[in-house]
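# Per-entry structural report
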Amino acid sequence: MNNEVTLDLYELQSSAHLGILRCLESIKHKEKWGYNYKGTLNDQFAKSISGANGEAAVAKFLNIKFPYTCNHGSEADLIFKDLKLQVRTQTRKVRNLNSLIIRPKAKKNELYIFVQDEAPKFYIKGFINSSTILGDDKYLTDFGLARPPCYSIPIEQLTPIFLLKDGSWN
């Protein structure tokens, strides 16, 4: 099954606008962005746009409504068949060293989905239940950065996304 989703111009523009709005709302409400992230505002815009695009791509792939939510804290990004989904999006890294990032404060029993951003194409690589990872120090790292530790799950450890879509993963 194909895990590739292409967003059309309207979908790209709408989710890009949402990504920028999320950054601006965080500034307006004096909220910290990105777990001690030190990048510029333009870097934040780029990452937030990519993230919102990834959420829109997953919604399109699963054929569910994209809610366009802004700064709703730790609530699920999407709901699919009563399952709470958190979407994590990254652009392709050098030597393809991407991994799914889950923070230690994540809620149990939420599905984390990894999306690779090659806009306008997005590749939904797979997912994992947060309860499988939380508390397993095997995946805990800070990447050598002055940021809080997180779980970094290799892409090959993820469950293929088509199993979620067709309901056969559980």
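Residues numbered from 1 in each chain as written. Predicted model: local features only at pLDDT ≥ 70, side-chain atom pairs only at ≥ 80, totals over all residues. Heavy atoms only, no water.

Moving on, we come to the sheet that holds strand 8 (residues 150–154). Strand order in this open sheet of 3 strands is 4-8-7, and the pairing throughout is antiparallel. Every interior strand has two partners, whereas the edge strands, strand 4 (99–102) and strand 7 (140–141), have only one. (Pairing = 2+ DSSP bridges. Helix = DSSP H or I, 4+ residues; strand = E, 2+ residues; numbered from the N terminus.)

The next subject is the pattern of salt bridges. A full pass over the atoms with the stated rule returns 6 salt bridges. In this structure, Glu75 and Lys107 form a salt bridge, with 3.6 Å as the shortest nitrogen-oxygen distance. Placement of Glu75 in the loop between helix 2 (41–62) and strand 2 (78–80) and of Lys107 in the loop between strand 4 and strand 5 (111–118) is noted, with a sequence separation of 32 residues between them. Residue Glu75 is classed as partly exposed on the basis of its relative accessible area of 42%. Accessibility expressed as a relative area gives 32% for Lys107, which makes it partly exposed. (Salt bridge = Lys/Arg side-chain N within 4 Å of Asp/Glu carboxyl O. Buried < 20%, exposed > 50% of the residue type's maximum accessible area, 1.4 Å probe, protein only.)

For the protein chain, mean pLDDT is 91; residues scoring 70 or higher make up 95% of the total. No element of the protein chain has a lower mean pLDDT than strand 7, which averages 90, and none a higher one than strand 1 (residues 4–6), which averages 97. (pLDDT = per-residue confidence, 0-100.)

Close contact between helix 1 (residues 9–28) and helix 2 brings their axes to 7 Å; oriented N to C, the two are set at 135°. As judged from the angle between their axes, helix 1 and helix 2 are oblique. The two elements helix 1 and helix 2 meet at a crossing, and its hand is right-handed. Here Glu11, Leu12, Ser15, Ala16, Leu18, Gly19, Ile20, Arg22, Cys23, Leu24 and Ile27 of helix 1 come into contact with helix 2, specifically with Leu41, Gln44, Phe45, Ser48, Ile49, Ala52, Asn53, Glu55, Ala56 and Lys60. Of the residues belonging to the contact of helix 1 with helix 2, the class tally is 12 nonpolar, 5 polar and 4 charged. (Axes fitted to C-alpha atoms, helices over the stretch in contact; angles between N-to-C directions. Parallel < 35°, antiparallel > 145°, perpendicular 65-115°, else oblique. Left-handed = near helix turned anticlockwise from the far one by under 90°. Contact = heavy atoms within 4.5 Å. Nonpolar A, V, L, I, M, F, W, Y, C, P; charged D, E, K, R; others polar.)

Turning our eyes to something else, we now look at the nonpolar core. The biggest cluster of nonpolar side chains holds 24 residues, and the ones touching the most others in it are Val58, Leu85, Ile113, Ile124 and Leu164. For this core, the secondary-structure elements that each account for two or more residues are helix 1, helix 2, strand 2, strand 3 (83–91), strand 5, strand 6 (121–129) and helix 4 (161–165). Apart from the residues within four sequence positions on either side, Ile124 is in contact with Asn3, Val5, Ala57, Val58, Phe61, Ile113, Phe114, Val115 and Ile161. In this structure, Ala106, Tyr112, Tyr139 and Leu158 belong to the second largest nonpolar core, which totals 13 residues. (Core = buried A, V, L, I, M, F, W, Y, C linked by side-chain atoms within 4.5 Å.)

What follows is about a nonpolar patch on the surface. Taken together, the side chains of Leu24, Ile27 and Leu41 present a nonpolar region at the surface, about 250 Å² in accessible area. Assignment of secondary structure puts Leu41 in helix 2. (Patch = residues over 30% accessible without salt bridge, like charges linked within 9 Å, V, L, I, M, F, W, Y side chains within 5 Å. Areas by Shrake-Rupley, 256 points an atom, 1.4 Å probe, with all protein chains shown as cover.)

Burial of strand 5 is extensive: 7 of the 8 residues sit out of reach of the surface. Summarising the sheet, strand 3 and strand 5 pair through 7 bridges and their orientation is parallel. Paired with Leu85 across the two strands is Leu111, which belongs to strand 5. Bridge count for strand 5 against strand 6 is 8 bridges, and the pairing is antiparallel. Opposite Gln116, over in strand 6, you have Tyr123 as the bridge partner. In this structure, the hairpin formed by strand 5 and strand 6 is closed by a connection of 2 residues.

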